[in-house]
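Descriptive analysis of the structure
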Amino acid sequence: MDTSGRRRNPYELTEETPVYVISVAAQLSGLHPQTLRQYDRLGLVSPGRTAGRGRRYSARDIELLRQVQQLSQDEGINLAGIKRIIELENQVAALQSRVAELEAALDGAAAAMRQREAAVHASYRRDLVPYQEVQQTSALVVWRPKRQQTPQD
């Protein structure tokens, strides 16, 4: 199933579908196949495996290989640093996903609360007057009842 809860077509190709053998992945990434094997051993890029343990790279793996090459050659970052960068990027992506899940849950809870609040307000008796906060003043009010007039008057 995909993230929307629908059944995914088993023949549908996505960015994560491992389809490229190591020679094709090497050509697409501009790297030597031995470099791809080394990156796999170091845990920088972890391709899928066939039943016979052959490597199969996805489009996302190819993009990651290009990113590793760019960080290594253009930025001068060593492989240990690149591995840490990839781990942190994966962690950030996971946290962003979790934040999105929590925001959706919060929105759902807020909507449910508004519905319950509306139901409570709808159930109010109309003969009751809502309480309003009285402001405190220093004024003194004296109440004097009217004198009742006697029938003699």
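What you are looking at is a predicted structure, and each value in this text was computed from that prediction instead of being measured.

**Some points on the packing of helix α1 (residues 22-29) against helix α3 (residues 59-73)**
- In contact at an axis separation of 9 Å, α1 and α3 are set at 50° when each is read in the N-to-C sense. Relative to α3, α1 is oriented oblique. In terms of crossing hand, the pair formed by α1 and α3 is right-handed. Together, Ala25, Leu28 and Ser29 of α1 and Ile62, Leu65, Arg66 and Gln69 of α3 make up the contact between the two elements.

**Quick look at the confidence of the model for the chain**
- Per-residue pLDDT for the chain averages 86, and the proportion of residues at 70 or more is 90%.
- Of all helices and strands in the chain, the one with the weakest mean pLDDT is strand β1 (residues 48-49) (88), whereas helix α4 (residues 79-122) scores best (95).

**Description of the pattern of salt bridges**
- This model, assessed by the stated rule, comprises 7 salt bridges.
- Its salt-bridge partner being Arg60, residue Glu15 comes within 2.7 Å of it at the nearest N-O pair. Note that Glu15 is positioned in the segment before α1 and Arg60 in helix α3, a separation of 45 residues in sequence.
- When its relative accessible area of 46% is taken as the criterion, Glu15 is described as partly exposed.
- Ionic pairing is found between Arg66 and Glu63, a salt bridge with its closest N-O pair at 3.9 Å. Placement of the pair is Arg66 and Glu63 together in helix α3, with a separation of 3 residues, close to one helical turn.
- Residue Arg66 is classed as partly exposed on the basis of its relative accessible area, which comes to 37%.

**Observations concerning the layout of surface pockets**
- Here the largest pocket is characterised by a volume of approximately 360 Å³.
- Around the largest pocket, the lining is made up of 17 residues, and of these Arg60, Asp61, Leu64, Ile86 and Asn90 lie nearest the centre.
- Going through the elements one at a time, α3 and α4 are the ones with two or more residues in the lining of the largest pocket.
- Its residues placed into classes, the lining of the largest pocket shows 4 nonpolar, 5 polar and 8 charged.

Parameters at a glance
Residues numbered from 1 in each chain as written. Predicted model: local features only at pLDDT ≥ 70, side-chain atom pairs only at ≥ 80, totals over all residues. Heavy atoms only, no water. Axes fitted to C-alpha atoms, helices over the stretch in contact; angles between N-to-C directions. Helix = DSSP H or I, 4+ residues; strand = E, 2+ residues; numbered from the N terminus. Parallel < 35°, antiparallel > 145°, perpendicular 65-115°, else oblique. Left-handed = near helix turned anticlockwise from the far one by under 90°. Contact = heavy atoms within 4.5 Å. pLDDT = per-residue confidence, 0-100. Salt bridge = Lys/Arg side-chain N within 4 Å of Asp/Glu carboxyl O. Buried < 20%, exposed > 50% of the residue type's maximum accessible area, 1.4 Å probe, protein only. 1 Å grid on protein atoms, 1.4 Å probe; cavity = no way out; pocket = protein on both sides within 12 Å on 5 of 7 lines; lining within 4 Å. Points joined across faces, edges and corners; volume = space filled by probe spheres on them. Nonpolar A, V, L, I, M, F, W, Y, C, P; charged D, E, K, R; others polar.

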